[in-house]
Amino acid sequence: MKKRVMIVGSGFRGFCDALHLMKNPDLEIHIVDSAPFFGGVMHSLDINGFSVDKGVHIFDSIPVSLAETVTEIMDGKVHEIDFVSASAFNNKVTEGFSLPDLNSLDDTAIKKQIREELLALARNPATDAPATLEALFDQRYGKTAGRIFCDIFRKVYGISADEVEPTAIAQTSMGRLKFLDDPDMLDLKKDPFLDTVLAARRKAVGKVDDFVSIYPSDGDAMRGWCKRAVTWLESKGVRISLGTKISKITERADTVEVETDKGTFEVETLIWSNDSLRALGSALNIERDVDGLQYGTPMLFATLFTQADKVRDFTYLQNFDPDQLTYRSAASGRFSHQVREDGVSFVTCECPADVNGTYWNDTDKLAADVWDEIRSLGVVEKDAELAGFDVKRIPVSFKLARLGYAAAFRDFHTDVASRHKRVILRDVVPFFRRDIYLDSAHLTNLVA
Ligand SMILES: Cc1cc2nc3c(=O)[nH]c(=O)nc-3n(C[C@H](O)[C@H](O)[C@H](O)COP(=O)(O)OP(=O)(O)OC[C@H]3O[C@@H](n4cnc5c(N)ncnc54)[C@H](O)[C@@H]3O)c2cc1C
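The rules we used
Residues numbered from 1 in each chain as written. Predicted model: local features only at pLDDT ≥ 70, side-chain atom pairs only at ≥ 80, totals over all residues. Heavy atoms only, no water. Helix = DSSP H or I, 4+ residues; strand = E, 2+ residues; numbered from the N terminus. Rg over C-alpha atoms; globule rule 2.2 N^0.38 Å. Buried < 20%, exposed > 50% of the residue type's maximum accessible area, 1.4 Å probe, protein only. Contact = heavy atoms within 4.5 Å. Areas by Shrake-Rupley, 256 points an atom, 1.4 Å probe, with all protein chains shown as cover. Axes fitted to C-alpha atoms, helices over the stretch in contact; angles between N-to-C directions. Parallel < 35°, antiparallel > 145°, perpendicular 65-115°, else oblique. Nonpolar A, V, L, I, M, F, W, Y, C, P; charged D, E, K, R; others polar. Pairing = 2+ DSSP bridges. Near = heavy atom within 4 Å. Polar contact = N/O pair within 3.5 Å; in protein donor to acceptor, adjacent residues only side chain to side chain. Domains from an automatic or database assignment. Arc of directions from axis to C-beta. Left-handed = near helix turned anticlockwise from the far one by under 90°. Core = buried A, V, L, I, M, F, W, Y, C linked by side-chain atoms within 4.5 Å. Buried area = accessible area lost by both parts, 1.4 Å probe. Salt bridge = Lys/Arg side-chain N within 4 Å of Asp/Glu carboxyl O.

Counting its regular elements, the chain contains 14 helices and 22 strands. Against the globule reference of 22 Å for 448 residues, the chain gives a C-alpha radius of gyration of 23 Å, in line with a compact fold. With the principal axes as the frame, the chain shows a C-alpha extent of 70 × 60 × 45 Å. Relative to its 448 residues, the chain shows a buried fraction of 54%. Taking as baseline every contact in the chain between residues at least 6 positions apart, the subset at least 24 positions apart corresponds to 71%. Per element, the accessible surface of the chain, about 20,000 Å² overall, is 49% carbon and sulfur.

Right, let's talk about the side chain of Ser329 for a bit. Structurally, Ser329 can be placed in strand 18 (residues 328-330). Those residues in contact with Ser329 that sit more than four places away from it in its chain are Phe314, Thr315, Tyr316, Leu317, Thr348, Cys349, Ile374 and Val379.

The next thing to look at is the packing of helix 2 (residues 64-73) against helix 7 (residues 221-235). Running from N to C, helix 2 and helix 7 point in directions that differ by 90 degrees, and their axes come no closer than 9 Å. Comparing their axes, helix 7 and helix 2 come out roughly perpendicular. Contacts between helix 2 and helix 7 pair Thr69, Val70, Glu72 and Ile73 from the former with Trp225, Arg228, Ala229 and Trp232 from the latter. Classifying every residue of the contact of helix 2 with helix 7 gives five nonpolar, one polar and two charged.

A sheet is described by the order of its strands in space; here three strands give the open sequence 11-12-13, paired in antiparallel fashion. Each of the sheet's edge strands pairs with one partner strand only, and the pair in question is strand 11 (246-251) and strand 13 (263-267). Averaged over all pairs of adjacent strands, the angle between strand axes in this sheet comes to 15 degrees, irrespective of strand direction. Both strand 12 (residues 256-260) and strand 13 contribute to a ladder of five bridges, which runs antiparallel. Note on strand 13: the bridge partner recorded for Val256 is Val267.

A few words now on the site of the ligand. If you check the shell around the ligand, you find 27 residues, and the closest are Asp33, Val56, Asp60, Phe431 and Arg433. Arg13 is positioned such that a nitrogen or oxygen atom in its backbone is 3.0 Å from an oxygen atom of the ligand. The backbone of Ile58 places a nitrogen or oxygen atom 3.3 Å from an oxygen atom of the ligand. For the ligand, the protein covers 83% of the area, taking 990 Å² as the surface of the free molecule. Put simply, the parts of the chain that give the shell around the ligand at least two residues each are helix 1 (12-21) and helix 13 (433-440). Per-class residue counts for the shell around the ligand are twelve nonpolar, nine polar and six charged. If you count residues domain by domain, the shell around the ligand takes at least three from each of domain 1 (3-42 + 222-293 + 402-446) and domain 2 (45-97 + 206-219 + 298-397).

Attention shifts here to helix 8 (residues 277-284). Those residues of helix 8 not exposed but buried are Leu277, Leu280, Gly281, Ala283 and Leu284. Taken end-on, helix 8 shows its buried residues confined to a sector of 165 degrees, consistent with a single buried face. Tucked inside the fold, the buried residues of helix 8 contact strand 11, strand 14 (269-272), helix 12 (405-419) and strand 22 (423-424). In the stretch just after helix 8, Asn285 is the one whose phi turns positive, near 65 degrees.

Interaxial distance between helix 1 and helix 13 falls to 8 Å at its minimum, and their mutual angle equals 35 degrees. In this structure, helix 1 meets helix 13 at a crossing whose hand is right-handed. Counted together, Phe12, Arg13, Cys16, Asp17, Leu19 and His20 of helix 1 and Arg433, Ile436, Tyr437, Asp439 and Ser440 of helix 13 form the full contact between these two elements.

Ranked by internal contacts, the top residues of the largest apolar core, which has 46 residues, are Phe12, Phe15, Leu21, Phe38, Phe59, Trp225 and Leu233. For this core, the secondary-structure elements that each account for two or more residues are strand 1 (3-8), helix 1, strand 2 (27-32), strand 5 (59-62), helix 2, strand 9 (212-216), helix 7 and helix 13. At eight residues, helix 7 tops the list of elements feeding residues into this core. The residues touching Phe15, leaving out its near neighbours within four places in the chain, are Phe38, Thr69, Ile73, Trp225, Ala229, Trp232 and Leu233. Core analysis: the second largest hydrophobic core is formed by 39 residues, Phe137, Ile148, Met174 and Met299 among them.

The next subject is the sheet that holds strand 5. Read from one edge of the open sheet, three strands run 5-9-6, paired in antiparallel fashion. Taken across any chain shown, the strands that pair with only one partner, and hence form the sheet edges, are strand 5 and strand 6 (78-80). Here the strands of the sheet are splayed against their neighbours by 30 degrees on average, with no regard to which way each runs. Bridge count between strand 6 and strand 9: three bridges; the pairing is antiparallel. Paired with Val78 across the two strands is Pro216, which belongs to strand 9.

Domains assigned within the chain are domain 1 (3-42 + 222-293 + 402-446), domain 2 (45-97 + 206-219 + 298-397) and domain 3 (101-197). Between the C-alpha centres of domain 2 and domain 3 the distance comes to 27 Å. Taken residue by residue, the interface counts 16 residues in domain 2 and twelve residues in domain 3. Counting each side, the surface lost to burial between domain 2 and domain 3 is near 1,300 Å², with a carbon and sulfur contribution of 61%. When the area that domain 2 buries against domain 3 is broken down by residue, the three leading residues are Phe89, Phe97 and Phe320, summing to 40%. Joining domain 2 to domain 3, the criterion identifies one salt bridge. Measuring nitrogen to oxygen at the nearest pair gives 2.4 Å for the salt bridge that ties Asp106 to Lys92. Joining domain 2 to domain 3, the criterion identifies ten residue pairs in polar contact (both at pLDDT 80 or more). Residue assignment for the side of domain 2 that touches domain 3 shows that the elements contributing at least two residues are strand 7 (85-89), strand 8 (92-95) and strand 17 (316-319).

Here it is as structure tokens:
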């Protein structure tokens, strides 16, 4: 008899878990999700007849083996994304660079100060583990650049860097510092320590790794992939139950009993493939509030409609200017091949915002101000006309670990692992799709 495995969560993590486990013909796989749709955050919204991703979602820098599977699921309807990125800081745009570029600062004394602090760090790198993200910025970039990075971090995520775990850096585009011209940065990077913390744009270096970046080309954005993934997985024998809420998980001698609003299932192994530890704790009767130690960044998500030929041919621009409204603006309509017959397409803008702040309560004003901002940043041409907009209030976008989260997660994980050998909760929570895919590969050892 086959071993039954339940995967809880149909986001990319649940998908990758199923993908790796499917290779074992002795397993019967069942994906369960409380949401009525497949794909978690990758399931695009329907806005004015367009399929609009919730933020920028690309199969970026993924291994060739995963790209082949995505291509098979999409019946070949994918195209390679050639990243054309830019970043903005101090009202200046740096082409071909998606991290903050402090070279945009006008003050040369500050740059000199940053340089001196970095050289001092290179001579004497910090050895103690940083307690906060603020401390980590200081250890990597020095006090002056560290302070500026803290301001940028607060602008993008709405929380102070001294309130979050240093591991939060892995979710940001702040893992490297550039503060001079490229030749000067390359010169500094000759130092082994500085090479690990500094960034420079290198011209025409060619392909630097074996990863590829692809995106669905069937005009239905990531939602198209989500729908096709369901059909593909089911054709391979994977059972999928959406809109199914788990209330109780009980481990018996040889099985796990899973009570849901759609009936009770019995499986040999259950894999928790989502980040709701509150739901897992409640189903297992473990009283520990780990989720409360996460901070959810509120965002206003603006979709702005305009003529496709007025949108710059690029992928996205990340705006690190603490005084401006937008964070990431993307030519999502163009790269998802969605242009209406009248030539209208769309741009999306993720705008960090205060819940109940001015813009939260006046989304018309937000759309008007964001439109002005992205025109001045060159995301759309100066004479582009706004043909309509949609603004969604997203109370929780990126989730960041507040101080104490790592320890609370460890304790929760220990509780689960010590009491339940058939319930698998992994101790690593990767963020990017490539890392999720690579991490899921280890499951095959856990579900032997
Ligand atoms: C705005 C944004 C943009 C991003 N862009 C990129 C990018 O371009 N490239 C990249 O590599 N990464 C990107 N990421 C990161 C990456 O998308 C995510 O880490 C990944 O898609 C998350 O997959 P997941 O399965 O862990 O979570 P989710 O997509 O959140 O899926 C979790 C699923 O579990 C379900 N679930 C939750 N609780 C329960 C429960 N109790 N019972 C049953 N089901 C439950 C949910 O309904 C959901 O379907 C982005 C993340 C965000 C937030």
